[in-house]
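Summary of the model geometry
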Amino acid sequence: MKDYEYIIKTEGVSKHFGKLEVLKNIDLSVKKGEVVCIIGPSGAGKSTFLRSLNQLEKITSGKIYIKDELLLHREHDKTVEKISPDRHKALMLEMGMVFQRFNLFPHLTVLENVMLAPVNVKKVPAEQAKKEAEELLDKVGLLSKVDEYPSKLSGGQQQRVAIARALAMKPEIMLFDEPTSALDPELVGEVLQVMKDLANGGMTMIVVTHEMGFAREVADRVLLMADGIIAEQGSPDQIFDNPQNDRTKSFLKSVLNAN
Amino acid sequence: MEKKTKAAIIAIVLIVIAWAALAAAKPSKEVMMSKCSPEIQKQIEAEKNSTRKRITVTYNSLGFINYCAFSSSSKNADGASKEVYVGFAGKVYSAKEGPAKFVSQMVNYTYRMLGCGENVFHGAKLTILLTTLTVLIGFILSIFLALGKISKNVIISKLCGAYIFFFRGTPLLIQLFVVYFAIPGVFGFAWKDLFSAPDTEAVYMGAFVAALIAFSLNSAAYCAEIVRAAIQSIDKGQNEAARALGLTYGQTMRKVIIPQSVRRMIPPICNEFIMILKDASLVFAISLMDITTISKNIMTNELSYMVFIPALIIYLIITAFFTFIFNKIEKKLSVYE
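Below: a short report on this structure. (Residues numbered from 1 in each chain as written. Chains lettered and ligands numbered in written order. Predicted model: local features only at pLDDT ≥ 70, side-chain atom pairs only at ≥ 80, totals over all residues. Heavy atoms only, no water.)

1. Notes on the packing of helix 5 (residues 123-149) of chain B against helix 6 (residues 154-169) of chain B
Geometry of a packed helix pair, given as the angle between the helix axes and the separation of the axes. Residues and elements named next belong to chain B. Quick reminder of the rule: With axes taken as lines fitted to C-alpha atoms, and helix axes fitted only over the stretch in contact, angles between N-to-C directions fall between 0 and 180 degrees. The way it works is that DSSP assigns letters per residue, a run of H or I at least four long becomes a helix, a run of E at least two long becomes a strand, and they are numbered from the N terminus. Roughly parallel refers to an angle under 35 degrees, roughly antiparallel to one over 145, roughly perpendicular to one between 65 and 115, and oblique to any angle outside these ranges. Note on convention: near helix rotated counterclockwise from far helix by under a right angle means a left-handed crossing. Clockwise means right-handed. Residues count as neighbours in contact if any of their non-hydrogen atoms are within 4.5 Å of one another.
The contact between helix 5 and helix 6 brings their axes to 7 Å, and the two run at 130°. By the angle between their axes, helix 5 is oblique relative to helix 6. The crossing of helix 5 and helix 6 is left-handed. Contacts between helix 5 and helix 6 involve Leu-145, Gly-148 and Lys-149 from the former and Ile-156, Ser-157, Cys-160, Gly-161, Tyr-163 and Ile-164 from the latter.

2. A short note on helix 5 (residues 155-167) of chain A
What counts is decided by this rule: The span one expects for a helix is its residue count, reduced by one, times 1.5 Å. Remark: exposure states derive from per-residue accessible area (1.4 Å probe, protein chains only) relative to the maximum for the residue type, with buried under 20%, exposed over 50%, and partly exposed in between.
With 13 residues, helix 5 of chain A extends 18 Å between its outermost C-alpha atoms, agreeing within 8% with the 18 Å of an ideal straight helix rising 1.5 Å per residue. Counting buried positions along helix 5 of chain A gives 13 out of 13 residues, so the element sits mostly inside the fold.

3. Regarding the interface of chain A and chain B
Where the parts come together, the accessible area they lose is often given as the size of the interface. For the record, the criterion: Buried area adds together the accessible area that both of two parts lose upon being put together, with accessible area traced by a 1.4 Å probe. Each salt bridge in this description consists of a side-chain nitrogen of Lys or Arg and a carboxyl oxygen of Asp or Glu lying within 4 Å of one another.
The partner chain B presents 19 residues to the 26 residues of chain A that form the contact. With both sides pooled, the region where chain A packs onto chain B buries about 1800 Å², and carbon together with sulfur makes up 59% of that total. Seen at the junction of chain A and chain B, the total is two salt bridges. We note a salt bridge from Asp-235 of chain B to Arg-101 of chain A, for which the minimum N-O separation is 3.8 Å. Put simply, the parts of the chain that give the side of chain A that touches chain B at least two residues each are strand 7 (95-98), helix 3 (110-120) and helix 5 of chain A. At three residues, the largest contribution of residues to the side of chain A that touches chain B is made by helix 3 of chain A.

4. Side note on helix 11 (residues 291-302) of chain B
Note: α-helices contain 3.6 residues per turn, so residues at a spacing of three or four share the same orientation. All names here are of chain B. With twelve residues, helix 11 ought to run about 16 Å at 1.5 Å a step, and its terminal C-alpha atoms sit 16 Å apart, in line with that. Burial in helix 11 covers these residues: Ile-291, Thr-293, Ile-294, Ser-295 and Ile-298. Contact partners of the buried residues in helix 11: helix 4 (98-114), helix 5 and helix 12 (308-333). Remark: Leu-303 follows helix 11 within two positions and exhibits a positive phi of approximately 50°.

5. A word on the nonpolar core
For the record, the criterion: Residues belong to one nonpolar core when they are buried, are Ala, Val, Leu, Ile, Met, Phe, Trp, Tyr or Cys, and are joined through side-chain atoms within 4.5 Å.
Counting residues in hydrophobic clusters, the biggest one holds 100 residues, and the most contacted among them are Ile-8 and Met-95 of chain A together with Phe-215 and Leu-288 of chain B. The greatest single-element share of this core, amounting to 13 residues, is contributed by helix 8 (residues 199-232) of chain B. Leave out the neighbours within four places in its chain, and Phe-215 of chain B touches Leu-130, Thr-134, Leu-172, Leu-176, Ile-276, Asp-279, Ala-280, Leu-282 and Val-283 of chain B. With 54 residues, the next largest nonpolar core counts Phe-176, Met-205, Phe-240 and Val-255 of chain A among its residues.

6. A look at the pairing of strand 1 (residues 55-62) of chain B
Residues and elements named next belong to chain B. For the record, the criterion: Strand pairing follows a simple DSSP-based rule, namely that at least 2 bridges must link the two strands.
Sheet analysis places strand 1 next to strand 2 (residues 65-72), joined by eight bridges and oriented antiparallel. Bridging from a neighbouring strand, Ile-55 pairs with Ser-72 of strand 2. What sits between the antiparallel neighbours strand 1 and strand 2 is a turn of two residues, in which Gly-63 has the positive phi angle 60°.

7. Structural notes on the sheet that holds strand 4 (residues 91-94) of chain B
Residues and elements named next belong to chain B. Ordered in space as 1-2-3-4, the four strands form an open sheet in which the pairing is antiparallel. What marks the edges here is a single partner per strand, and that holds for strand 1 and strand 4. Sheet twist, expressed as the average angle between the axes of neighbouring strands with direction ignored, equals 15°. Bridge analysis of strand 3 (residues 82-88) against strand 4 gives four bridges, and the strand direction is antiparallel. Of the residues in strand 4, the one forming a bridge with Gly-87 is Val-92. Its contacts with the sheet place helix 3 (residues 38-46) against strand 1, strand 2 and strand 3, and it is angled at close to 105° to strand 1. Running at roughly 85° to strand 1, helix 4 makes contact with strand 1, strand 2, strand 3 and strand 4 of the sheet.

The structure is reproduced here in structure tokens:
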């Protein structure tokens, strides 16, 4: 069924914040079903890169392809190739995003949070959207909380709702921006479990994370970003057991010492 | 149900029952009219069929109390040109002096300031109508102004900023004059001509519409800053989450940002409402009869300083009532916190 090579691909993605260059010519190609974990020291540009894929940050220059179709091409802070709005929207909907701070809509119940986008963006009938939302919430183990407001839930529960909310749009790629960094340690496990289940279900995932155990266990590929470049990439075993790059070595050393 | 709520309901029921009982026991209009002195009665009889009347009969019925006054423009030999009566709980009291006189004044002034027996463009009815409509229209306009001001489009943003600057930077009274006098002057129409009512009523309607326009435009500028602040106080992550889900700008505003910011707007909008309630007294300048105008007229014409007691109480009651309503709305919108 796949009539494309890479589900998401970037070419020469750069990003400047004023004079500061946070991303330098990043090339990344991800195949369908692949789980990519991005690790690295803070300030390396991991989150910025992830947010650039979803266009929450406007890149300075570079190209982004979804399923080999051009989504965005910018040079010198200007979009150089126009994509038709309909295609652009359709391609954007292939990506779902989960944030560090959950960003659930506090004025809506759990069920309404999950239903909002399908009903308003995809115009799914409310009945059907409700059914699908309940299935998703069941999958993340929160079917009993459908009528609660997010403020009544723990951080881990909120993040699981956020994952269900992103999945409700049926994306083919899930982007996770440090999904467990804002959680109390004892709540991290439940969120990682949901992510593992997703990965096992064949979802393409790009995960920015500090959870080395998760990266090692679940990732097909681990990227180490430092100073706006991909310093090293490879299989988890390669990166964790036999790092080649000095930056990788020093980063892993500091992380492992901290633990 | 809570104990407090129960007690409040019982109290309200008791008050309603007492009110109804007293109102039922109130002397009727005929009884009140028959209480005047024989001379006055004679005069009323004599003038029954004449068109020029020297006797003015005033009858006010206010809740469970009523008031009746007979005043003659022709001086009697003994100088008694006015008789006042108050009816309460089945009895009629002469209100020439003492507490009865005070009560009679209060009843009469309150009756007039509430705008009883007049159309909606009088007294408290005018004040409440004007204030409510002003805040409603001003608030709706202000949402567009606020969105315009935070828009990324520089021209729209500057235009909205200029609007807000202008209306906050000039006195409301002059804005009212401009709308009521200058605009019809320039464009060659009169506000009252817009209505096909009898002349005096058309004047009131025209003045009311002019006041509503001026007040709404002014209030929109103040509310816009409230709305803008509330929208910008919403966490940026909400906007990002909505965009990541594919919601358009309009959907993000309607479904996510504005519903959350409305709750934060309620207390300052309530404040704005109370400000307008009091600013509404500026309509004296365009011949509308609101609470303030009526009380000022009573003071100058009848030299009675007591008039300010009911005036202040009426304002306080209106303020208390609407503050209560706004608090209820705020509580209702806070369920998710």
